[in-house]
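# Summary of the model geometry
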2 protein chains.
Amino acid sequence: MANEKLVKEITGMDEDFAKWYTDVVIKAELIDYSSVRGCMIIRPYGYAIWENIQSILNQKFKETGHSNVYMPMFIPEGLLQKEKDHVEGFAPEVAWVTHGGNEPLEERLCVRPTSETLFCEHYANIVQSYRDLPKLYNQWCSVVRWEKTTRPFLRSREFLWQEGHTIHATAEEAQEETVRMLDVYASFCEDYLCIPVVKGIKTEKERFAGAESTYTIEALMHDGKALQSATSHYFGDGFAKAFGIMYSDKNNKLVHPFQTSWGITTRIIGAIIMTHGDDNGLVLPPSIAPVQVVIIPVASHKEGVIEKARELEQRLKGVCRVMLDDSDQSPGWKYAEYEMKGVPLRLEIGPRDIEKNQCVIVRRDTREKYFVSLEELEEKIPQLFKCFEKDLFNKAYERREGMTYTVDDLDELVKVAQEKPGFIKAYWCGKRECEDKLKEVAGVTSRCIPLDQHENHGKCVCCGEPTDKLLYWGKAY
Amino acid sequence: MANEKLVKEITGMDEDFAKWYTDVVIKAELIDYSSVRGCMIIRPYGYAIWENIQSILNQKFKETGHSNVYMPMFIPEGLLQKEKDHVEGFAPEVAWVTHGGNEPLEERLCVRPTSETLFCEHYANIVQSYRDLPKLYNQWCSVVRWEKTTRPFLRSREFLWQEGHTIHATAEEAQEETVRMLDVYASFCEDYLCIPVVKGIKTEKERFAGAESTYTIEALMHDGKALQSATSHYFGDGFAKAFGIMYSDKNNKLVHPFQTSWGITTRIIGAIIMTHGDDNGLVLPPSIAPVQVVIIPVASHKEGVIEKARELEQRLKGVCRVMLDDSDQSPGWKYAEYEMKGVPLRLEIGPRDIEKNQCVIVRRDTREKYFVSLEELEEKIPQLFKCFEKDLFNKAYERREGMTYTVDDLDELVKVAQEKPGFIKAYWCGKRECEDKLKEVAGVTSRCIPLDQHENHGKCVCCGEPTDKLLYWGKAY
């Protein structure tokens with residue numbers, strides 16, 4: 001009964017995907033709204049997911065030689081304007097601070113939408129010689145972009161992210177860094193979040209403001225819309241020239257260094273929800289689940305049940321993030337609650353299980369039941385996690401492949417875009433006008449030129465010109 | 001020679017303490033300035049100290065039942081104004097966002113100076129029943145206060161901190177929480193940072209805007225000035241009333257809950273510098289030192305030296321945060337460099353040491369030398385850390401006690417305040433006018449009414465009225 005009721009409170013995915021999404025983020029207590037329009041409160045359960053993401057990525061950033069720093073959250077207008085393309089891209093969507101206390105500021109400050117300009121100013125100050133290079137920095141912070149339409153995690157005026165900023169002696173080194181960090185993101189998404197991604201390069205139109213090239217990983221959500229999941233930018237020496245950053249090389253010649261930046265945001269939590277979730281709520285990959293195993297005592301008034309449940313909780317603390325729910329809610333209510341919250345494994349223990357020295361483990365994704373001997377728990381739970389992860393990934397991968405369509409001409413593309421949500425693969429000549437036309441007639445934008453393509457030959461789906469660029473297109477979040 | 005030169009670059013403490021401080025934060029690469037006035041760049045070495053502080057405190061907050069959350073960084077003007085005392089305290093020093101993109105906002109937003117108002121609005125939304133209580137939340141973020149005079153770590157327009165915010169069913173519970181968190185801060189400062197603190201209550205004048213009582217820990221810096229190191233506030237039900245937060249208690253009666261908040265900031269890094277530092281630079285307590293042991297090879301061109309140094313680095317990685325400096329700078333340069341950076345232990349290894357199967361360990365604080373057998377390193381290093389911590393604490397404690405003066409009358413107080421930097425203990429009647437007068441005639445402010453005082457009886461140093469309040473007074477950062 002309770003189970004029924006709870007699940008009914010979540011709109012069905014097929015009924016209204018947008019409403020399903022909002023229901024899930026609210027009912028699973030990931031976020032709350034406030035009177036600060038376009039911003040969100042990230043509640044303990046949502047923030048714990050972000051902390052787990054941070055902890056995994058932070059480790060990977062440190063392993064690849066990066067140090068964390070903290071830059072001011074404000075950027076003086078004059079500093080923001082130093083790189084022409086960059087300011088054009090960001091100025092229309094920043095929040096402006098004009099007063100400090102009761103006094104108007106001499107120069108207005110924007111709340112950082114991204115921190116390239118601040119890092120550049122700092123580099124100009126601390127990079128003098130080739131011995132000072134590379135600098136491999138990262139920052140965890142929040143940034144602000146004044147969006148008109150907002151949705152929890154996917155698009156909000158303030159969001160949390162990390163922004164890596166590096167500076168190198170040579171273009172080659174900076175390019176290697178750009179791709180290295182793209183790979184870190186891709187393997188994080190696939191190995192930890194179980195989200196298959198397409199690695200690729202953005203077209204000039206979709207490039208980051210001020211970048212020479214922007215790399216991206218693109219994922220496909222349950223509803224067939226694409227989600228740009230992380231980006232990595234190569235700047236060449238454009239920012240260095242705009243900010244006068246120079247160093248003396250080994251021959252004592254004064255030259256410009258080369259830069260990169262790369263970032264992933266709380267948006268990725270939206271991707272987790274929309275890749276793995278179902279009509280019962282969240283499904284969380286074990287690596288980032290705040291609770292990996294929830295213990296639910298059954299017939300807990302019977303002698304020894306609560307004690308056994310507590311004993312298991314203590315035992316499993318060294319193995320996983322475990323939680324015992326010994327509240328007076330019914331087991332049925334608890335099943336529904338933790339299904340909604342996406343807890344990967346539910347462990348049921350009742351008097352009959354105790355007699356048999358076993359427990360029941362139920363997987364969140366498939367609802368498969370396992371009878372596990374209490375002796376084998378420490379061994380079995382990590383195995384189930386592995387299995388869970390593999391299955392989550394494969395399911396998402398197969399769905400994506402089943403929703404990826406290769407088309408050869410414009411009519412077909414328009415038809416597929418109208419009728420079949422998903423990725424569309426189509427050749428493109430490289431001209432902005434063809435890209436714009438696809439947006440106009442089919443409502444799709446270029447997602448990326450995948451990195452793994454070799455020896456493609458075809459004709460632009462729009463103008464028919466021969467080309468070797470086979471792109472991913474789609475409607476995107 | 002190199003040693004000499006480097007050290008000369010730091011102004012002597014006794015010569016100009018303020019300049020010594022600035023020299024240290026810049027030369028040890030803790031911070032850099034930028035064109036964002038009043039804000040600072042926290043560089044990798046400075047940020048690593050903050051990360052270590054965060055990691056210890058975060059653990060303690062979780063052990064005491066708190067969860068991390070994230071609130072918006074903006075507060076609409078109307079929301080800030082809901083609690084009368086609070087807005088009066090903060091409105092004059094906030095930064096105002098008035099434009100989003102190119103459009104003026106309907107209501108201006110301040111950048112959070114602290115987040116009580118946001119938490120209250122959220123509580124009003126999620127707290128309905130006694131079953132929802134307590135909520136024990138914490139947030140790591142940056143806040144902004146538009147200070148006129150700024151100094152790295154000690155007072156900057158933007159600073160990093162954590163702010164705990166809790167809400168409880170009863171006043172007793174909230175009061176217990178306030179004192180519990182004060183104790184967490186005090187033992188963190190004393191046990192990890194080796195900074196002795198006085199725990200006490202602030203006078204009404206010095207209370208946090210909107211609080212019923214403010215608890216503080218006060219430390220004494222090398223120059224005899226006090227530094228408020230962390231605070232914990234009890235709000236009663238004042239905020240709950242202003243924000244309409246109510247819950248139905250066990251008897252189904254609608255009542256107001258009780259709240260607290262507590263915080264510690266990057267200011268504490270300033271306290272570490274000014275408590276333990278010396279004329280050679282920083283001295284860092286091992287628990288928060290980014291590098292705890294630096295290995296410096298001596299005569300590293302000789303066969304086997306670098307190899308041995310690398311072997312030791314690998315071995316010690318499991319024991320402490322170790323770093324090998326195998327650059328081509330001279331050992332003398334390196335000694336001075338890592339002394340300036342406050343690395344607790346320096347490990348020297350050269351050909352003669354290798355022959356004897358030993359190394360030389362030098363303590364940063366006392367410069368004592370230890371000849372340690374290579375077999376005993378894993379055992380000896382943690383022992384040296386313990387010793388180092390104990391000595392740091394004792395030294396600071398003795399200095400503080402030697403700089404704490406008890407005075408009985410106003411003339412004496414004025415004389416001591418003029419001539420002897422440090423804490424002054426003096427009786428106070430409790431009247432605001434006497435407190436104001438001490439500020440006026442002696443330039444001292446009340447630091448706190450210490451918690452550990454019992455059965456004090458004396459006369460107000462200002463008006464002579466009998467009282468049981470023996471306060472700490474001082475000049476403060």
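I will try to describe carefully the structure that is included in this document. (Residues numbered from 1 in each chain as written. Chains lettered and ligands numbered in written order. Predicted model: local features only at pLDDT ≥ 70, side-chain atom pairs only at ≥ 80, totals over all residues. Heavy atoms only, no water.)

### Structural notes on unusual backbone geometry
We apply this condition: Per the convention used, a helix needs a DSSP run of H or I reaching at least four residues, while a strand needs a run of E reaching at least two, with both numbered from the N terminus. Here the term buried applies to any residue with accessible area under 20% of the maximum for its type, exposed to any over 50%, and partly exposed to those in between, with areas from a 1.4 Å probe on protein chains only.
A:L133 connects to A:P134 through a cis peptide bond whose omega is -10 degrees. Counting through the fold element by element, A:P134 comes out in the loop between α6 (116-126) and β7 (135-144). A positive phi angle, close to 70 degrees, is found at A:F153, a residue other than glycine. Look at A:F153 and you get buried, because its relative accessible area is 2%. The phi dihedral of B:N252 falls on the positive side, at around 70 degrees, and the residue is not glycine. By secondary structure assignment, the location of B:N252 is in the loop between β12 (247-248) and β13 (254-255).

### Some thoughts on the interface of chain A and chain B
Note the cut-off: When checking whether two residues touch, look at their non-hydrogen atoms; a contact exists if any pair is within 4.5 Å. Reported buried area values correspond to the accessible surface (1.4 Å probe) lost by two parts on association, with both partners' losses combined. Here, a salt bridge means any Lys or Arg side-chain nitrogen found within 4 Å of an Asp or Glu carboxyl oxygen. Under the rule applied, a polar contact is a pair of N or O atoms within 3.5 Å (in protein, one hydrogen donor and one hydrogen acceptor; residues adjacent in sequence only if both atoms are side-chain atoms). Here the nonpolar group is Ala, Val, Leu, Ile, Met, Phe, Trp, Tyr, Cys and Pro; Asp, Glu, Lys and Arg are the charged ones; every other residue, Gly included, is treated as polar. Here, strands pair whenever DSSP counts at least two bridges between them.
Taken together, the contact between chain A and chain B spans 56 residues of the former and 56 residues of the latter. In total, about 4400 Å² of surface goes out of reach between chain A and chain B, with carbon and sulfur atoms giving 58% of it. It is A:Y70, A:M73 and A:W146 in chain A that bury the most area against chain B; as a group they hold 14% of the surface buried on that side. In this assembly, chain A and chain B are joined by 2 salt bridges. A:E51 is paired through a salt bridge with B:K62; the nearest N and O atoms lie 3.3 Å apart. If you look at where chain A meets chain B, you find 25 residue pairs in polar contact (both at pLDDT 80 or more). The residue inventory of the side of chain A that touches chain B, partitioned by class, reads 31 nonpolar, 13 polar and 12 charged. In the sheet, strand β5 (residues 95-100) of chain A pairs with strand β5 (residues 95-100) of chain B via 5 bridges, with the strands oriented antiparallel. Across the sheet, residue A:H99 finds its bridge partner in β5(B), namely B:W96.

### Looking at the environment of B:C120
All names here are of chain B. With respect to the secondary-structure elements, C120 resides in helix α6 (residues 116-126). A relative accessible area of 0% means that C120 is categorised as buried. The spatial distance from the C-alpha of C120 to the C-alpha of I245 is 7.4 Å, given a sequence separation of 125 residues. Residue contacts for C120: discarding those within four places in its chain leaves F239, F243, I245 and Q259.

### What to know about the environment of A:R267
Residue and element names in this part refer to chain A. Checked against the element boundaries, R267 lands in helix α9 (residues 267-276). On the accessibility criterion, R267 (14% relative accessible area) is buried. Sequence spacing of R267 and P152 is 115 residues, and the spatial spacing of their C-alpha atoms is 8.4 Å. Beyond its immediate stretch of four places on either side in the chain, R267 contacts F153, L154, R155, L227, Q228 and Y477.

### Digging into the packing of aromatic side chains
All names here are of chain A. Operational definition: Side-chain rings of Phe, Tyr and Trp (the six-membered ring for Trp) are treated as a pair once their centres are within 6.5 Å; stacked means planes under 30 degrees apart, edge-to-face means over 60, and tilted covers the remaining angles. The criterion for a charge sitting over a ring is simple: Lys NZ or Arg CZ within 6 Å of the ring centre, and within 35 degrees of the ring normal.
Enumeration over the complete set of coordinates arrives at 36 aromatic pairs over all chains. On the numbers, 5.9 Å between centres and 75 degrees between planes, the contact of W50 with W140 is edge-to-face. Residue W50 is located in helix α3 (residues 44-63), and its partner W140 is located in strand β7; the two are separated by 90 residues in the primary sequence. You can call W50 buried: its relative accessible area is 1%. Counting every residue linked through ring pairs, the aromatic cluster contains W50, F61, W140, Y185 and W262. Between K225 and the ring centre of Y477, over which it is positioned, the NZ or CZ distance is 4.4 Å.

### With respect to the pairing of strand β10 (residues 213-220) of chain B
Residues and elements named next belong to chain B. Burial runs high along β10: 8 of the 8 residues are buried. The alternating pattern of β10 places S213, Y215, I217 and A219 and T214, T216, E218 and L220 on opposite faces, both of which are buried. Relative to β10, strand β9 (residues 198-201) runs antiparallel, the two being bridged by 4 bridges. Residue pairing across strands places G200 opposite T216, the latter belonging to β10. Sheet analysis places β10 next to strand β11 (residues 226-236), joined by 8 bridges and oriented antiparallel. Along β11, the bridge assignment pairs T214 with H233. If you look at the hairpin formed by β10 and β11, you'll find 5 residues sitting between the two strands, and G224 has a positive phi there, around 85 degrees.

### Details of the state of the cysteines
One way to say it: the disulfide is the covalent bond shared by the sulfur atoms of two cysteines. Residue and element names in this part refer to chain B. Operational definition: The disulfide definition used here is simple: a pair of cysteine sulfur atoms within 2.5 Å.
One pass over the structure, following the stated rule, counts 0 disulfides over all chains. Among the cysteines around C189, which has no disulfide bond, C194 carries the closest sulfur, lying 10 Å off. Its sulfur unpaired, C462 is 3.9 Å from the next cysteine sulfur, which belongs to C434.

### As for the nonpolar core
Selection criterion: Take the buried residues of types Ala, Val, Leu, Ile, Met, Phe, Trp, Tyr and Cys, join any two whose side-chain atoms come within 4.5 Å, and each joined set is a nonpolar core.
Counting 211 residues, the largest nonpolar core has A:F74 and B:F74 as its most contacted members. Sequence-distant contacts of B:F74, that is, excluding residues within four places in its chain, are made with A:V36, A:C39, A:A95, A:V111, A:V144, A:W146, B:V97, B:L109, B:C110, B:V111 and B:L118.

### Re helix α11 (residues 331-340) of chain A
Residues and elements named next belong to chain A. Within α11, 7 of the 10 residues are buried, leaving the element largely enclosed by the surrounding structure. Among the residues of α11, those classed as buried are K334, Y335, A336, E337, Y338, E339 and M340. Looking one or two residues past α11, G342 carries a phi angle of roughly 75 degrees, positive in sign.

### Some points on the environment of B:L118
Summarising the element assignment, B:L118 is placed in helix α6. The buried category is assigned to B:L118, whose relative accessible area is 1%. Separated by 47 residues in sequence, B:L118 and B:M71 have C-alpha atoms that sit 7.0 Å apart. Setting aside anything within four residues of it in sequence, one finds B:L118 in contact with A:V36, B:M71, B:P72, B:F74, B:I75 and B:L79.

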